[in-house]
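Structural overview
What follows is the residue order along each chain.
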Amino acid sequence: MNMRSSTGRQEKANNADRSRNGLSTTARPALRVQKRWQPRARRVDTAIAPRAAAPLSHTELETALRQEALQAAQRGDHQEAIALFTMILEQNPSSARDYNNRGLVYFQSGDMERAIADYNQALALDSTLDSVYNNRANYYATQGKFLEAILDYDAALNLNPTNVRAWLNQGITLRELEMHDRALECFDFALRLGRLEAHIYAERGRTHHLWGDWNAALADYQRAIERLLLPNTATPGGAARLRLQIEVWKDELLAPLESEP
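Each chain carries its own residue numbering, running from 1 in the direction its sequence is written. Two thresholds apply to this predicted model, a pLDDT of at least 70 for residue-level local features and 80 or more for giving and counting side-chain atom pairs, whereas whole-chain, interface and lining totals are computed over all residues. Hydrogens and waters are ignored; side-chain quantities use all the structure's heavy atoms.

What to know about the side chain of R204
What counts as a helix is a DSSP run of H or I of at least four residues, what counts as a strand is a run of E of at least two, and both are numbered from the N terminus. Note on placement: R204 falls in helix α11 (residues 197–211). Only protein chains enter the calculation, and the probe is 1.4 Å; a residue is then buried if its accessible area is under 20% of its type maximum, exposed if over 50%, and partly exposed in between. A relative accessible area of 15% places R204 in the buried class. Here a residue-residue contact requires only that any non-hydrogen atoms of the pair lie within 4.5 Å. Not counting residues within four places of it along the chain, the set of residues in contact with R204 comprises L184, F187, D188, L191, D220 and R223.

Below, the structure written as structure tokens:
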């Protein structure tokens with residue numbers, strides 16, 4: 001409601017009432033002077049008047065909370081990230097992706113019980129999310145449940161053959177089972193996808209190393225280091241940590257040679 005318009009109309013009505021109430025002719029000049037000096041109501045140009053920001057829609061609010069949660073997780077602020085994902089799930093309990101996200105943060109914080117519960121809930125809501133199978137497989141691998149891990153990696157890759165992280169993680173798990181030839185097949189396929197090359201070369205080099213092919217191992221370690229020197233290299237856990245790991249593996253490989261007389 002425009003209160004100024006309403007007030008203006010009331011002032012005009014009051015003035016009309018005064019005329020009809022039979023003011024004397026001697027009073028009229030005084031009335032004209034009074035009107036001449038009467039302060040006018042201040043008008044605000046609606047074109048430039050400040051307007052209140054429109055409230056966020058439910059979807060916009062959910063997106064904003066999710067971005068904030070992901071940023072908190074990247075900073076390592078697990079409790080903040082979990083709290084924000086929980087807020088989203090309270091409003092949208094059918095969001096399989098957010099159960100997956102919260103499960104991953106629980107996993108990163110070491111709360112394995114809640115992590116697997118969220119992964120299972122995510123798959124109960126949507127069994128087509130390959131990233132959930134990959135994350136749950138990582139959980140199984142850390143618990144020594146390698147068969148369950150391999151099955152979940154296979155499920156992720158059946159849903160999305162270009163999931164490079166699933167190829168990479170499956171290769172690592174197969175290496176831990178000393179299935180080096182199959183592990184190398186996973187790394188070779190992952191390299192064809194053209195992403196995370198530094199990490200894949202490092203893990204393939206480690207596989208060659210443990211299998212006894214030291215020349216191939218050194219070559220892959222060097223390829224990994226060269227990829228890390230490229231600009232905008234994105235690797236899980238960060239380039240600095242991966243470079244340190246590669247140097248440790250190289251030292252382990254070269255130590256027997258350096259100790260020979």
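Quick look at the nonpolar core
For the purposes of this section, nonpolar cores are sets of buried Ala, Val, Leu, Ile, Met, Phe, Trp, Tyr and Cys residues that join through side-chain atoms within 4.5 Å. In terms of nonpolar packing, the biggest core is built from 57 residues, with Y119, I200 and I246 touching the most fellow members. Those residues in contact with I200, other than ones at most four positions away along the chain, are V164, L168, F187, A190, L191 and R195.

Remarks on the environment of G238
Here G238 lies in the loop between α12 (214–228) and α13 (239–258). Classification of G238 by relative accessible area gives partly exposed; the value is 27%.

Thoughts on the environment of Q222
Of note, Q222 is situated in helix α12. Expressed as a C-alpha distance, the spacing of Q222 and Y201, which sit 21 residues apart in the sequence, is 8.6 Å.

Points about the pattern of salt bridges
Think of a salt bridge as a Lys or Arg side-chain nitrogen and an Asp or Glu carboxyl oxygen that are within 4 Å of each other. Under the counting rule described, the total for this entry stands at twelve salt bridges. In this structure, the salt-bridge partner of D152 is R136, at a minimum N-O distance of 2.7 Å. Remark: R136 occurs in helix α7 (residues 130–142) and D152 occurs in helix α8 (residues 146–159); sequence separation between them is 16 residues. A salt bridge links R206 to E252; its shortest N-O distance comes to 3.3 Å. Placement of R206 in helix α11 and of E252 in helix α13 is noted, with a sequence separation of 46 residues between them. Classification of R206 as buried rests on a relative accessible area of 13%. With a relative accessible area of 40%, E252 lands in the partly exposed category. One network of salt bridges, with partners in common, ties together D188, R204, D220 and R223.

Focus: the packing of helix α4 (residues 78–91) against helix α5 (residues 96–109)
With axes taken as lines fitted to C-alpha atoms, and helix axes fitted only over the stretch in contact, angles between N-to-C directions fall between 0 and 180 degrees. It is the contact of α4 with α5, at a shortest axis distance of 10 Å, that shows an interaxial angle of 160°. Considered as vectors, α4 and α5 are oriented roughly antiparallel to each other. Of the two possible hands of crossing, α4 and α5 adopt the one that is left-handed. Residues H78, A81, I82, F85, T86, I88 and L89 of α4 touch α5, and the partners they reach there are D98, Y99, N101, R102, V105, Y106, Q108 and S109. Lys, Arg, Asp and Glu make up the charged group, whereas Ala, Val, Leu, Ile, Met, Phe, Trp, Tyr, Cys and Pro make up the nonpolar group; the residues left over, Gly among them, are polar. A per-class count over the contact of α4 with α5 returns eight nonpolar, five polar and two charged. Oblique is the label for every angle not falling under 35 degrees (roughly parallel), over 145 degrees (roughly antiparallel), or within 65 to 115 degrees (roughly perpendicular). Crossings are classed by handedness, with left-handed meaning an anticlockwise turn of the near helix from the far one by less than a right angle and right-handed meaning a clockwise turn.

With respect to unusual backbone geometry
Despite not being glycine, E178 has its phi angle at roughly 65°, a positive value. Along the chain, E178 turns up in the loop between α9 (164–176) and α10 (180–192). Classification of E178 by relative accessible area gives exposed; the value is 63%. The residue L196 is not glycine, and still its phi comes out positive at about 55°. Assignment of secondary structure puts L196 in the loop between α10 and α11.

As for α10
Expected span of a helix, by definition, is 1.5 Å for each gap between consecutive residues, and there is one gap fewer than residues. The end-to-end C-alpha separation of α10 is 19 Å, in line with the 18 Å expected for 13 residues at 1.5 Å each. Among the residues of α10, H180, A183, L184, C186, F187, A190 and L191 are the ones counted as buried. In a view along the axis of α10, the buried residues occupy a sector of 155°, so they form one face of it. Exposed and oriented more than 90 degrees from the buried face of α10 are E185 and R192. Here the buried face of α10 lies against α9 and α11. As used here, the arc belongs to the directions running from the helix axis to the C-beta atoms.

A few points about helix α6 (residues 112–125)
Compared with the 20 Å implied by 1.5 Å per residue over 14 residues, the 20 Å span of α6 between its first and last C-alpha is a close match. Inspection of α6 places A115, I116, D118, Y119, A122 and L123 among the buried residues, and these make up the whole buried set. Buried residues in α6, looked at end-on, bunch into an arc of 160°, giving them a common side. Summarising the geometry of α6, the exposed residues directed more than 90 degrees from the buried face are E113 and A124. The inward-facing, buried residues of α6 abut α5 and α7.

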